[in-house]
Each structure stands twice: as structure tokens, then as C-alpha cells.
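Notes for the structure review
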Amino acid sequence: KSLVNPWGLERVTLNYEKFLLDADGRPVRRYPRKYPPQNIQTDVEMLLAGKPLPPMTPALEQAWQEAKREAVKSEYAFRAGLNYYAFGSPAS
């Protein structure tokens, strides 16, 4: 199962995105590459305690907005035909 980012994409758009997985290996939250790992602590604690994750914080929402801008211009962005290919294409 995949987890879409806030603008609806399933694929990883920037290198070093982070995913929080449950005990069964299913993704439960996705974080942009520049989001500080220490800011994920509350989510991890809630998941380990079996509680629902809190809503996205304003800081996480802002980080996703910055990631969206970065995905357009960054050398870490994945670009179709350059550093990622559609499944089944000759280059995949």
C-alpha cells in the first residue's frame, strides 16, 4: 500500500523523504526530506502507544509547502525520464 503526499502523489518526489511505518510495515505518515527527525517523535510515540496520530502540525504543513517548491528546482528531485521511469518502460 502506498501513501500519497499532501498534493496527491504516490511516488517519492524528492530523495530522502521519510515514512513512518506501523508494526505491519504499512506507511502511516510521510515526511518531506528536510523535516527534522526530532519533530517526528510525537508521531512515533503515539504509534507505539497504539493511539491515533495527531493531525498534521503547521510546521509539517509548511515543510510540505517548501518541499513542493523544492521539487521543481532541486537536484534531489526525481524527474521523469531523467532519474525515474514509468514501470514497464525500456529504461525501467
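Owing to the predicted nature of the structure, the values given are computational and were not obtained by experimental measurement.

Moving on: helix α2 (residues 58-73). In this model, α2 (16 residues) spans 23 Å end to end at C-alpha, consistent with the 22 Å of a helix rising 1.5 Å per residue. Of all the residues in α2, the buried ones are L60, A63, W64, A67, E70 and A71. Down the axis of α2, the buried side of the element spans an arc of 125°, and every buried residue falls inside it. Residues P58, V72 and K73 are exposed on α2 and point more than 90 degrees away from its buried face. Lining the buried residues of α2 we find β2 (27-31).

In the predicted model, the protein carries a mean pLDDT of 82, and 75% of its residues have values of at least 70. Confidence, expressed as mean pLDDT per element, reaches its minimum in the protein at α2 with 87 and its maximum at helix α1 (residues 41-48) with 96.

Counted by the stated rule, this structure contains six salt bridges. Between D22 and R26 there is a salt bridge, and its shortest N-O distance comes to 3.1 Å. On the basis of relative accessibility, which here comes to 42%, the residue R26 falls in the partly exposed class. A salt bridge links D43 to R29, with the shortest nitrogen-to-oxygen separation between them at 3.1 Å. Of this pair, D43 sits in helix α1 while R29 sits in strand β2, and the two are 14 residues apart along the sequence. Both residues of the pair, D43 and R29, belong to the buried class.

Basis of the calculations
- Residues numbered from 1 in each chain as written.
- Predicted model: local features only at pLDDT ≥ 70, side-chain atom pairs only at ≥ 80, totals over all residues.
- Heavy atoms only, no water.
- Helix = DSSP H or I, 4+ residues; strand = E, 2+ residues; numbered from the N terminus.
- Expected span 1.5 Å × (residues − 1).
- Buried < 20%, exposed > 50% of the residue type's maximum accessible area, 1.4 Å probe, protein only.
- Arc of directions from axis to C-beta.
- Contact = heavy atoms within 4.5 Å.
- pLDDT = per-residue confidence, 0-100.
- Salt bridge = Lys/Arg side-chain N within 4 Å of Asp/Glu carboxyl O.

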